[in-house]
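Letter by letter, the chains look like this.
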Amino acid sequence: MKNTISFFALVVVLLLTSCSQIEENNDPIIGIWNDKTISNANKSNENVTHEWTFNDAYLGRYQQYNNNVLDYKTDFRWTEDNGVYTITYPGTDLPENKVSMVGTLDGDMLEYTDGNLLAIRE
């Protein structure tokens, strides 16, 4: 009887100590961002747009559309350091992006560190 109680006590202790709290990520970058408005303003014969979907696991999906047809997609990783977000595309030749979020009356935007616009929140 003592062995059974000791076994159950051990199981309870193991279950309680192995259950860890998953840290919640409420970063404001989480969501869908695109450059459709920017591309439409540039008005070219070939309409190429880009979309970034940021999730709370510091990952995301990048998609490129050519005349509204999906042309290319890949996953990316993102990190944040003092308001600067670094987006990397592992396994591709795509260069990393360093951007910061800027809030305006028209909505949130992602700007490159040199001030050029990357995307607008959808």
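What counts and how
Residues numbered from 1 in each chain as written. Predicted model: local features only at pLDDT ≥ 70, side-chain atom pairs only at ≥ 80, totals over all residues. Heavy atoms only, no water. Helix = DSSP H or I, 4+ residues; strand = E, 2+ residues; numbered from the N terminus. Buried < 20%, exposed > 50% of the residue type's maximum accessible area, 1.4 Å probe, protein only. Contact = heavy atoms within 4.5 Å. Areas by Shrake-Rupley, 256 points an atom, 1.4 Å probe, with all protein chains shown as cover. Pairing = 2+ DSSP bridges. Axes fitted to C-alpha atoms, helices over the stretch in contact; angles between N-to-C directions. Salt bridge = Lys/Arg side-chain N within 4 Å of Asp/Glu carboxyl O. Lys, Arg positive; Asp, Glu negative; His and termini not counted. Polar contact = N/O pair within 3.5 Å; in protein donor to acceptor, adjacent residues only side chain to side chain.

Caption draft 1: Representation of the overall build of the protein in the model. Secondary structure summary: the protein contains two helices and eight strands in total. Starting at the N terminus and ending at the C terminus, the protein contains elements arranged as α-β-α-β-β-β-β-β-β-β. The burial tally for the protein puts 26% of its 122 residues in the buried class. Restricting to contacts in the protein with at least 6 residues of sequence separation, those with at least 24 account for 28%. Roughly 8,700 Å² of accessible area belongs to the protein as shown, and the carbon and sulfur atoms make up 53% of that amount.

Caption draft 2: Layout of the sheet that holds strand 8 (residues 117–121). The antiparallel closed barrel is built from eight strands, whose spatial order is 1-2-3-4-5-6-7-8. The average undirected angle you get between the axes of adjacent strands in this sheet is 30°. Looking at chain direction, strand 3 (residues 59–66) and strand 4 (residues 69–81) are connected through eight bridges and run antiparallel. Paired with Tyr65 across the strands is Leu70, a residue of strand 4.

Caption draft 3: Focus on the pattern of salt bridges. With the rule as written, the count across this model stands at three salt bridges. Close ionic contact of Asp75 with Arg61 constitutes a salt bridge, the shortest N to O distance being 2.7 Å. Placement of Asp75 in strand 4 and of Arg61 in strand 3 is noted, with a sequence separation of 14 residues between them. Among the residues examined, Arg61 registers a relative accessible area of 33% and is labelled partly exposed. Put simply, Glu96 and Lys98 hold a salt bridge, and the shortest N to O gap is 3.8 Å.

Caption draft 4: Structural detail: the side chain of Asp35. Secondary-structure assignment places Asp35 in the loop between strand 1 (31–34) and helix 2 (36–42). Buried charged residue Asp35 carries no salt bridge. Nearest counter-charge: Lys36, at 8.1 Å. From its side chain, Asp35 meets the backbone nitrogen of His50 in a polar contact 2.6 Å long. The residues touching Asp35, leaving out its near neighbours within four places in the chain, are Thr49, His50 and Leu118.

Caption draft 5: Quick look at the environment of Lys73. Relative to the assigned elements, Lys73 resides in strand 4. Residue Lys73 is classed as partly exposed on the basis of its relative accessible area, which comes to 47%. Separated by eleven residues in the primary sequence, Lys73 and Tyr62 have C-alpha atoms spaced 5.5 Å apart. When near neighbours in sequence (up to four residues on either side) are disregarded, Lys73 contacts Arg61, Tyr62 and Gln63.

Caption draft 6: Main features of the environment of Leu117. Among the structural elements, Leu117 can be located in strand 8. Counting along the chain gives 17 residues from Leu117 to Ser100, while the straight-line C-alpha distance between them is 9.8 Å. Discounting residues that sit within four places of it in the chain, Leu117 has contacts with Ile38, Met109, Leu110, Glu111 and Tyr112.

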